[in-house]
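Here are the chains, one letter per residue:
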2 protein chains.
Amino acid sequence: MITQKTCHDDELRAWLRRYGINPTSQRIEIARVFFSRCIHLSAEDVFKLVNTGSRRVSKATVYNTLALLVEKGLVRQVVADPAKIFYDSNTGPHHHFYDVSTGELSDIDAHGVKVSGLPPLPVGTSLEGVDVVVRLRRDQ
Amino acid sequence: MITQKTCHDDELRAWLRRYGINPTSQRIEIARVFFSRCIHLSAEDVFKLVNTGSRRVSKATVYNTLALLVEKGLVRQVVADPAKIFYDSNTGPHHHFYDVSTGELSDIDAHGVKVSGLPPLPVGTSLEGVDVVVRLRRDQ
DNA sequence: CTAACTGCAAACGTTTTGCAACTTT
DNA sequence: AAAGTTGCAAAACGTTTGCAGTTAG
């Protein structure tokens, strides 16, 4: 299900630096999993992926780095599952299908999707984002 | 912030029974907090509210009962905060503002709000619901 | 040398679970 | 007695933190 594409470290290093992140070897490993095909990953997924084979990255570093990637805008958090946070390397405007039976998250291109008729924001606040989660259940 | 309206036990008993829930004294206490004004409550909120004064309801029972209320459709879960689940006694169609600075959740009436242009559901799945969470941040 | 980063383990807050005791029929 | 419900404590889970040790500029 989770595929891993090999990327040159130089590419990843450049990507991180472009966003003002010091590219350490652990951060490059973590960046690699987001550069690869699968874009919806929990912290646990990332931890497992970077620790396949001989590499060793601790949980603390995974969480620290994920927080850093979110802060710097390379990756965004998706709150869809009560149990865990997903990290999404697709930072363009889009929404999500969330399969409550499997816990799987998939993209809905924001192209064409429109949310209209929202009331104005409460005064003294500014918009962080609009999340649309379409929850669905697999039929038996 | 959290107000409590007194309700007759008979009313609450009837409400629970209507949904096929055996109305024990603890379940009545928990139902009471949802019958009252405030509709967005975390499990912790409910635990505190039912344990003001002399009443004693354990955490396990709070969680058991909340799960039961969700299963029977008296209350719905709202996933907006990564740290905790909200329970919402407003089961009609509506959406939410979520203030990321305070953790406060407030309703957006679905009246007038329209989500259009969503792609068809994946085959073999059926719709559970569409959640729209407008995340906002308090200005400093 | 210094500042930044990492790993471990322990702590944290929320939620779940096992089980004995208590109700209710 | 049987079935359903409750409370406690302990455990589980994802996440965060403190700090000593390591690495990189």
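Above this text you will find the structure in question.
Just so it is clear, the model here is predicted, and its values are computed rather than measured.

A.B. asks: When you look at the overall build of chain A in this model, what are you seeing that I'm missing?
C.D. replies: The number of helices and strands found in chain A is four helices and seven strands. Counted from the first residue to the last, chain A has its helices and strands arranged as α-α-β-α-α-β-β-β-β-β-β. Taken over the C-alpha atoms alone, chain A extends approximately 50 × 45 × 25 Å along its principal axes. Evaluated residue by residue, chain A yields a buried proportion of 42% over its 140 residues. Here the contacts in chain A between residues at least 6 apart in sequence split such that 48% fall between residues at least 24 apart.

A.B. asks: Could you clarify how one ought to interpret the sheet that holds strand β2 (residues 76–81) of chain B in this entry?
C.D. replies: Consider a sheet: its strands pair through backbone hydrogen bonds, and that pairing is either parallel or antiparallel. All names here are of chain B. Strand order in the open sheet made by the three strands is β1-β3-β2, with antiparallel pairing throughout. Strands at the two margins of the open sheet, each flanked by one partner only, are β1 (40–42) and β2. In this sheet, adjacent strand axes meet at a mean angle of 40° when their direction is disregarded. With four bridges joining them, β2 and strand β3 (residues 84–88) adopt antiparallel strand pairing. Residue pairing in the sheet places Val78 in a bridge with Phe86 of β3. Lying on the sheet, helix α3 (residues 43–50) is in contact with β1 and β3; it crosses β1 at an angle near 90°.

A.B. asks: How do you make sense of the pattern of salt bridges when you look at a structure like this?
C.D. replies: Close approach of charged atoms allows side chains of opposite charge to pair. Residue and element names in this part refer to chain A. Counted according to the given criterion, the structure contains 20 salt bridges over all chains. The salt bridge involving Arg32 is made with Glu29; its shortest N-O contact spans 3.0 Å. Remark: Glu29 and Arg32 occur in helix α2 (residues 25–35); sequence separation between them is three residues, near one turn of the helix. Note on Arg32: relative accessible area 11%, which makes it buried.

A.B. asks: Even after reading the chapter, I still don't get the interface of chain B and chain A, so can you show me in this structure?
C.D. replies: A common way to report how large an interface is uses the accessible area buried once the components associate. The partner chain A presents 35 residues to the 35 residues of chain B that form the contact. Counting the surface chain B buries against chain A, the share from its top three residues, Val79, Glu128 and Arg135 of chain B, is 19%. The interface formed by chain B and chain A includes six salt bridges. Among the salt bridges present, the one from Arg135 of chain A reaches Glu128 of chain B, with a minimum N-O distance of 3.4 Å. For the side of chain B that touches chain A, the secondary-structure elements that each account for two or more residues are β2, β6 (114–116) and β7 (125–138) of chain B. Split by residue class, the side of chain B that touches chain A holds 20 nonpolar, seven polar and eight charged. Relative to β6 of chain B, strand β6 (residues 114–116) of chain A runs antiparallel, the two being bridged by three bridges. The residue of β6 of chain B that forms the bridge with Lys114 of chain A is Ser116 of chain B.

What counts and what doesn't
- Residues numbered from 1 in each chain as written.
- Chains lettered and ligands numbered in written order.
- Predicted model: local features only at pLDDT ≥ 70, side-chain atom pairs only at ≥ 80, totals over all residues.
- Heavy atoms only, no water.
- Helix = DSSP H or I, 4+ residues; strand = E, 2+ residues; numbered from the N terminus.
- Buried < 20%, exposed > 50% of the residue type's maximum accessible area, 1.4 Å probe, protein only.
- Contact = heavy atoms within 4.5 Å.
- Pairing = 2+ DSSP bridges.
- Axes fitted to C-alpha atoms, helices over the stretch in contact; angles between N-to-C directions.
- Salt bridge = Lys/Arg side-chain N within 4 Å of Asp/Glu carboxyl O.
- Buried area = accessible area lost by both parts, 1.4 Å probe.
- Nonpolar A, V, L, I, M, F, W, Y, C, P; charged D, E, K, R; others polar.

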